[in-house]
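The chain contents come next:
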Amino acid sequence: MKEMVEYIGVSNTTLKRYENNDLVPSVWYTKGSHRRYGEIHVIAFKTIRSLLQGFDIPVAYQLMRAAKEKNFTEAHWLIAQTQEKLVKKKETLRMHKEFILTFPQKSMKKQTLRIGELAKFADVEASTIRYWEKRGLIEGIRDKSSGYRFFERNEVRKTIIITLLRKSIYKIEDIKKIVDEIEDKNLASIKKHYTIVNDELDNQLAMQLKAISFYMDYCEKLKSS
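It should be emphasised that the depicted structure is a prediction, and the values quoted were computed from it without experimental measurement.

Thresholds applied
- Residues numbered from 1 in each chain as written.
- Predicted model: local features only at pLDDT ≥ 70, side-chain atom pairs only at ≥ 80, totals over all residues.
- Heavy atoms only, no water.
- Salt bridge = Lys/Arg side-chain N within 4 Å of Asp/Glu carboxyl O.
- Helix = DSSP H or I, 4+ residues; strand = E, 2+ residues; numbered from the N terminus.
- Buried < 20%, exposed > 50% of the residue type's maximum accessible area, 1.4 Å probe, protein only.
- Contact = heavy atoms within 4.5 Å.
- Phe/Tyr/Trp six-rings, centres within 6.5 Å; stacked < 30°, edge-to-face > 60°.
- Lys NZ or Arg CZ within 6 Å of the ring centre and 35° of its normal.
- Pairing = 2+ DSSP bridges.
- Axes fitted to C-alpha atoms, helices over the stretch in contact; angles between N-to-C directions.
- Parallel < 35°, antiparallel > 145°, perpendicular 65-115°, else oblique.
- Left-handed = near helix turned anticlockwise from the far one by under 90°.
- Nonpolar A, V, L, I, M, F, W, Y, C, P; charged D, E, K, R; others polar.

**Things to note about the pattern of salt bridges**
As a working rule, side chains carrying opposite charge can pair if their charged atoms are close by. Evaluated as defined, the whole model comprises 10 salt bridges. The residue R35 makes a salt bridge to E19 at a minimum N-O spacing of 3.0 Å. Within this pair, whereas R35 is found in strand β2 (residues 35-36), its partner E19 is found in helix α2 (residues 12-20), the two being separated by 16 residues in sequence. Each member of the pair, R35 as well as E19, is classed as buried. Through salt bridges with shared partners, a single network forms among E91, R94 and E98.

Structure (structure tokens):
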């Protein structure tokens, strides 16, 4: 194990965790209870380290288990679904950027949005919208006749900006300050955040593609074993 730890560059606790989570092929033990790894284990450990850089932990673990069980088609579909979500994030970012930077020239199909419609447009949960409203980041208008809350265009814009800022700014107070100071003529800070998030998505795609290459080689090794 000591040699593998040095070669892969992780702790022995991490390697044991991968084994205990059933992520790698079975390890052979000597009579003295010492682990003995083979070439397939080296490839497996390198593969999971690469997957964890490009994919969320649950997805990376699911892919490793699928490979071990030789459920390769299932794994391929999971990769496709995960990349589809990444494409959606990229498209949502583009749509939001276009909406913000062309505001107020860019019109909406509806002048006001209900909380469910706003949540869908902003790609967040309705409960998140309610929380932001409670904290004073956005403000809805309640229809006395129906009881529904509606959000006007400026509040929609604020919501989109908040969804972007929360990716890099974690304090509600700091986000509120930025949102309150936003003017149509001064969107430099927002443009900067869009660039940061866009670069992060591009980097994630690159890491996913690199991990997929590792993973496909690993699957081929397993097929022939």
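**So, the environment of L52**
The topology assignment puts L52 in helix α3 (residues 39-54). Spatially, the C-alpha atoms of L52 and K223 are 22 Å apart, while their sequence positions differ by 171 residues. Sequence-distant contacts of L52, defined by excluding residues within four places in its chain, comprise Y18, I57, A60 and Y61.

**Some remarks on the packing of aromatic side chains**
Scanning all chains against the criterion turns up two aromatic pairs. With centroids separated by 6.3 Å and ring planes inclined at 35 degrees, the aromatic side chains of Y18 and F45 adopt a geometry described as tilted. On the criterion of sequence distance, the pair formed by Y18 in helix α2 and F45 in helix α3 is long-range, its members being 27 residues apart. Taken individually, Y18 and F45 each receive the classification buried, so the pair is uniform in this respect. Of the residues examined, F45 reaches a relative accessible area of 0% and is grouped as buried. An aromatic cluster is built from Y18, Y37 and F45, whose rings are joined through pairwise contacts. Against the face of Y148 rests R114, its NZ or CZ located 3.8 Å from the ring centre. Here the guanidinium or amino end of K223 rests over the ring plane of F72, the centre of that ring lying 5.2 Å away.

**Overview of the pairing of strand β5 (residues 149-152)**
The two faces of β5 differ: R149 and F151 on one face are buried, but F150 and E152 on the other face are not. One ladder, built from two bridges, connects strand β4 (residues 141-142) with β5; its direction is antiparallel. Bridging from a neighbouring strand, R142 pairs with R149 of β5.

**Considering the sheet that holds β5**
Spatially, three strands are ordered β3-β5-β4 in an open sheet, and the strand pairing comes out antiparallel. Single-partner strands in this sheet number two, and they are β3 (112-114) and β4. Judged from the three bridges that link them, β3 and β5 form a sheet pairing that is antiparallel. Bridge pairing links L113 to F151 in β5.

**Concerning the packing of α3 against helix α10 (residues 188-224)**
Relative orientation of the contacting elements α3 and α10 amounts to 155 degrees, with a least axis distance of 8 Å. With respect to α10, the element α3 is oriented roughly antiparallel. Note that α3 runs across α10; the crossing there is left-handed. Contact residues: E39, I40, I43, A44, K46, T47, S50, L51, Q53 and G54 in α3; Q204, M207, Q208, K210, A211, F214, Y215, Y218, K221 and L222 in α10. By residue class, the composition of the contact of α3 with α10 is 10 nonpolar, six polar and four charged.

**Describing the packing of α3 against helix α4 (residues 57-68)**
Direction vectors running N to C along α3 and α4 enclose 150 degrees, while the axes themselves pass 9 Å from each other. Looking at the two axes, α3 sits roughly antiparallel to α4. The handedness of the crossing between α3 and α4 is right-handed. The residues of α4 that touch α3, namely those facing A44, T47, I48, L51 and L52, are I57, A60, Y61, L63 and M64. For the contact of α3 with α4, the residue count by class is nine nonpolar, one polar and no charged.

**Some details on the environment of A60**
Here A60 shows up in helix α4. Along the sequence, A60 and L78 sit 18 residues apart, while their C-alpha atoms lie 9.9 Å from each other. Every residue in contact with A60, bar those within four places of it in the chain, is listed here: L51, L52 and F55.

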